[in-house]
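Geometric and topological summary
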Amino acid sequence: MKLWHSTPDTKRTLLRDGGAWWLYLEIGTWPIEPDQTVWVEFNTRRADGTNLATCAHAEWGYNAGPNSYWHAKIGPFATGDRVEYFVVGKSPQAEATINSFELLIGPKLFLAILWHQHQPLYKDCLCPEAKGSFIFPWVRLHALRDYYSMAALVALHPGIRLTINLSPSLLQQVDAYGERGHTDRALELTLKPTPELTAEDREYILTHFFDADWHNEIYPHPRYKELFDKRGRQKPLTDADLTDLRMWFNLAWFAPEFQNGKVKLPDGSVASVARFIEKGAGFTESEITEMVAEQYKIMRNIVAIHRQLQDAGQIEVSTTPFYHPILPLLHDTDNAILDRDGSSLPARFSFPEDVDAQVANAVALYTKLFGRAPYGMWPAEGAVGESVIPHFQKHGIRWIATDQGVLELSGEWGYEADKPDVYCRPWRAGDDESIAVFFRDTDLSNAIGFRYGQRDPQEAAAEFVNELKRRFMPTGEQDRIVSIILDGENAWGSYRQAGRPFFDALYGLLDADAAIGTVTFSEYLDGNAARGVRPHPIAGQERVYRLAHASWIDETGSRSGNDLGTWIGEPQENAAWDLLRQTREMFRAKSITVQSHPQAFEALYAAEGSDWFWWYGDDQDCDQEDIFDDLFRHHLRCAYKLAGFKPPAELEEHLVPHVVTWSFHNQKKTTQPGDRLRFKSGCPGVLSWGVNDWQEVEEIELTPVGGVMAGQNVYSVTLRPFGDAVYNVQLQFKCRCAPVCHCAPDDLCCNQRQYQLRVARPKRRRGGR
């Protein structure tokens, strides 16, 4: 008698029924003969260390050729059980045994989600006081909506495991607000009583305090929408209106959990703005002060909630090189492969020591805040390359991640990065066996980041899970890990209720689906027997050769393939690299060191961040390129001043053209020849525009724009500069928001009113002595 099992024609299948796992075995015997019996003896070692030995008889199924086939069902098992079994067959003539098999009970498809959260440095490095030291409020506002709640939402689903990546430049600013009382200009104006507001203050509030998603953050609140409509219809706002606007701009950014109820925070305090939401209007100055106090409670607990969940094993907190630089370009700008027509490299910038400092400083801050060193890093923009791997290894980083498109470009001939067996696994990078690389699935990551926001949350979550299983469920014995990595803050403003219905649906489906196991990246490498995750030691993984110098994105307008062109190659980008290089070379020439001038180096490192370079050039678009240009040059001017030198005049010159932005809540009346006019809307649609009383009429489709406001459903188009022959410009917007957002016919975006700007020429000074 012969036995066989776990071969191509005798498979084993692990399935879950209710709360228990069952192992279905197919067993073959030869020859066909009467009175055969087959059974399975198995030993179960539970996660708690107990053992259970038993057996199960197999049932005859059918004969085929000279063979008989039998079926056995063994179990029930729990996730994390380790099962050892062997098959025994007996006939009147003989007895046979198959050598033992062993397996860990649990899913074969693992999902590693990473939410990346980051802001560049908005701090004025020369500001001597905490008050007003931050130029822009985006760290604070996203803290209210995203940074605390994205972690707290995971805690509501105890079966979910995932990774949250916090950049050090973000953590540094959160700490400055929460622990050291720093403020920003918008916050100072929020706290400044309305009667004390200057004309400049009032204009700032009217221009910036409607910076929120129309359909998800303004329109759901009747008073905020009333103020928005009043501003858009050019009606003056009273002092009472301005007071309510100061309150509502802030209230709209709080996460739904704080808007609708009370949230107990890790330090034992309770945060809520529900009482203000319920009141709706007629706010007092003391109520605004109370509302701001709720903000500081939340900001003081952001690190605490992440540390609490990491210590409990539910999340892993990873980080990024300190100021979010594109490491391969800091190492050597010649690493960039440019494949966009007309692009070129700037004069070479190569400072590997800055790469090392950005990684080392990130590890140091993380260790201070979380009580241990980080295990993993999401390099800024997923930008990696063979040249920067040693810097991660030197500072004890065990895993990094990037996009599957980078794997496609790596090696001598590239890898087949469209095949799940190739990219749904960890790879080993570098010359030793200390660091793993994970490659994210581009399509499903982008589905959450860019496509699901306008969908029904339950349908979108179900589609995600179904696609995950359809595309990636293993058919063999080996498991797979699918990496989903994306921005963890900017997308949610375009989701209903800041994404809460979607998260609840997604986490609920994943938690209930036995075929999928959610994991952190370190958990997958180290294994977790209690959760059915076998170890995947880095040393045992195949090495990825010649890891490409590339990022998660393929530059717009370039030939197909992930690259670094978004941050280098266009004239504006190269001009910025030249300014950075000149500053860095001056430091070297004047013997300015980290030890002698640490603050000057901090300003320089901040200028090395990716965010400034992202918005230079034509390959990316937002309505705030000039703001990021100002910040970049501001950090370089600070570097000079803190090193004791006068900044060069070039740092006063704009790298991007002046832009006049027109929006429904900021209706500009004039522009000048040479200015670029940007039209911005909270709805998609078509702009009809003309010059000189509707001569030369043109229609242009608005396009989505990004930046810190990327989650606001912002759409814009930038018109060409106007020549001397143009004396006015006409605008008319046709909304195409329906059926997604259901604008009312009389809403500002839908009434198709015509607007006009005058092209004003600067007055010329009269000649003479």
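Residues numbered from 1 in each chain as written. Predicted model: local features only at pLDDT ≥ 70, side-chain atom pairs only at ≥ 80, totals over all residues. Heavy atoms only, no water.

Right, let's talk about the overall build of the protein chain for a bit. Of regular secondary structure, the protein chain possesses 25 helices and 30 strands. Here the protein chain has a C-alpha radius of gyration of 30 Å; the compact-globule value for 769 residues is 27 Å, and the two agree. Taken along its principal axes, the extent of the C-alpha atoms in the protein chain is 125 × 60 × 55 Å. With an accessible surface of roughly 30,800 Å², the protein chain has 50% of that area assigned to carbon and sulfur atoms. Here the protein chain contributes 80 positively and 104 negatively charged side chains, and the mean placements of these two sets differ by 5 Å. (Helix = DSSP H or I, 4+ residues; strand = E, 2+ residues; numbered from the N terminus. Rg over C-alpha atoms; globule rule 2.2 N^0.38 Å. Areas by Shrake-Rupley, 256 points an atom, 1.4 Å probe, with all protein chains shown as cover. Lys, Arg positive; Asp, Glu negative; His and termini not counted. Charge placed at Lys NZ, Arg CZ, Asp CG, Glu CD.)

Okay, the sheet that holds strand β22 (residues 659–662) next. With mixed pairing, four strands are arranged side by side in an open sheet as β22-β24-β28-β27. Single-partner strands in this sheet number two, and they are β22 and β27 (703–704). Looking at chain direction, strand β24 (residues 676–681) and strand β28 (residues 715–719) are connected through five bridges and run antiparallel. Looking at β28, one finds that Ser-681 is bridged to Tyr-715. (Pairing = 2+ DSSP bridges.)

So, on to the side chain of Gln-393. By the secondary structure assignment, Gln-393 is in helix α15 (residues 389–394). Given the relative accessible area of 19%, Gln-393 is considered buried. Gln-393 has contacts with Ala-429, Gly-430, Asp-431, Asp-432, Ser-434 and Ile-435, leaving out every residue within four places of it along the chain. (Buried < 20%, exposed > 50% of the residue type's maximum accessible area, 1.4 Å probe, protein only. Contact = heavy atoms within 4.5 Å.)

We now examine the packing of aromatic side chains. Taken as a whole, this structure holds 54 aromatic pairs when the rule is applied. Consider the rings of Tyr-122 and Phe-136, whose centres lie 6.1 Å apart with planes at 80°: the pair is edge-to-face. Pair noted here: Tyr-122 is in the loop between β11 (109–117) and α1 (138–147) and Phe-136 is in the loop between β11 and α1, with a separation of 14 residues, a long-range link. Relative accessible area serves as the criterion here: at 18%, Phe-136 is assigned to the buried category. In textbook terms, an aromatic cluster arises when at least three aromatic residues are bridged by ring pairs, as seen for Phe-210, Trp-214, Tyr-219, Tyr-224, Phe-228, Trp-248, Phe-283, Trp-662, Phe-664, Phe-679, Phe-733 and Tyr-755. The side chain of Lys-2 reaches across the aromatic face of Trp-30, ending 5.5 Å from its centre. In this structure, Arg-372 is placed above the aromatic ring of Tyr-375, and the distance from its NZ or CZ to the ring centre is 4.0 Å. (Phe/Tyr/Trp six-rings, centres within 6.5 Å; stacked < 30°, edge-to-face > 60°. Lys NZ or Arg CZ within 6 Å of the ring centre and 35° of its normal.)

One open sheet holds the five strands; their spatial order is β23-β30-β29-β25-β26, and the pairing between them is mixed. At either margin of the open sheet sits one strand with a lone partner, and together these are β23 (670–671) and β26 (695–701). Where strand β25 (residues 685–691) lies against β26, five bridges are found, and the strand directions are antiparallel. Considered in β26, the bridge of Leu-687 is made with Ile-700.

This next bit is on helix α22 (residues 571–589). The periodicity of an α-helix, 3.6 residues per turn, causes residues three or four places apart in sequence to face the same way. With 19 residues, α22 extends 26 Å between its outermost C-alpha atoms, agreeing within 8% with the 27 Å of an ideal straight helix rising 1.5 Å per residue. Of the positions making up α22, those classed as buried are Gln-572, Glu-573, Asn-574, Ala-576, Trp-577, Leu-579, Leu-580, Arg-581, Thr-583, Arg-584, Met-586 and Phe-587. Lining the buried residues of α22 we find α13 (327–331), α14 (352–370), α23 (598–607), α24 (610–615) and α25 (625–642). (Expected span 1.5 Å × (residues − 1).)

With that settled, consider the pattern of salt bridges. Under the definition given, this model contains 57 salt bridges. Across the pair Lys-394 and Asp-356 runs a salt bridge, and its minimum N-O distance is 3.1 Å. Taken together, the residues Lys-394 in helix α15 and Asp-356 in helix α14 connect sequence positions 38 residues apart. In this structure Lys-394 comes out as exposed when scored by relative accessible area, which is 57%. Asp-356 gets classed as buried once you look at its relative accessible area, which sits at 15%. (Salt bridge = Lys/Arg side-chain N within 4 Å of Asp/Glu carboxyl O.)

Turning to the environment of Asn-67, a few remarks are in order. Position of Asn-67 relative to the elements: it lies in strand β7 (residues 67–77). Given a relative accessible area of 14%, Asn-67 falls into the buried group. When neighbours within four sequence positions are excluded, Asn-67 is seen to be in contact with Trp-4, Thr-29, Trp-30, Ile-32 and Tyr-62.

What follows concerns unusual backbone geometry. Following Trp-30, the chain continues to Pro-31 via a peptide bond in cis, the omega torsion being 0°. Omega for the peptide link from Gly-75 to Pro-76 comes to 0°, which places this bond in the cis form. For Pro-76, the position within the fold is in strand β7. Backbone geometry places Gln-234, a non-glycine residue, at a positive phi of 65°. On the secondary structure map, Gln-234 appears in the loop between α7 (222–232) and α8 (239–251). In this structure Gln-234 comes out as partly exposed when scored by relative accessible area, which is 34%. A positive phi angle, close to 60°, is found at Ser-591, a residue other than glycine. Its location among the elements puts Ser-591 in the loop between α22 and α23.

All right, on to the nonpolar core then. Counting residues in each nonpolar core, the largest one holds 200 residues, and the members touching the most others are Trp-115 and Leu-731. Top contributing element to this core by residue count: α14, with nine residues. If we ignore the near neighbours within four places in the chain, the residues touching Trp-115 are Met-150, Leu-162, Thr-163, Ile-164, Asn-165, Ile-448, Leu-486, Gly-488, Trp-492, Phe-503 and Tyr-507. Counting residues in hydrophobic clusters, the runner-up holds 24 residues, among them Leu-25, Ala-58, Trp-70 and Ile-74. (Core = buried A, V, L, I, M, F, W, Y, C linked by side-chain atoms within 4.5 Å.)

Following both chains from N to C, one finds helix α3 (residues 168–180) and helix α11 (residues 285–300) inclined at 125°, their axes separated by 8 Å at the closest point. Accordingly, the angle class assigned to the pair α3 and α11 is oblique. Pair α3 / α11 crosses with left-handed handedness. Only Tyr-296, Met-299 and Arg-300 of α11 make contact with α3, whose side of the interface consists of Val-174, Tyr-177, Gly-178 and Glu-179. For the contact of α3 with α11, the per-class residue count stands at four nonpolar, one polar and two charged. (Axes fitted to C-alpha atoms, helices over the stretch in contact; angles between N-to-C directions. Parallel < 35°, antiparallel > 145°, perpendicular 65-115°, else oblique. Left-handed = near helix turned anticlockwise from the far one by under 90°. Nonpolar A, V, L, I, M, F, W, Y, C, P; charged D, E, K, R; others polar.)

Bringing the packing of helix α18 (residues 442–451) against helix α19 (residues 457–472) into the picture now. Remark: α18 packs on α19, axes separated minimally by 11 Å, with the N-to-C direction vectors making an angle of 175°. Considered as vectors, α18 and α19 are oriented roughly antiparallel to each other. On α19, the residues touching Asp-443, Leu-444 and Ile-448 of α18 are Phe-464, Glu-467, Leu-468, Arg-471 and Phe-472. The residue inventory of the contact of α18 with α19, partitioned by class, reads five nonpolar, no polar and three charged.

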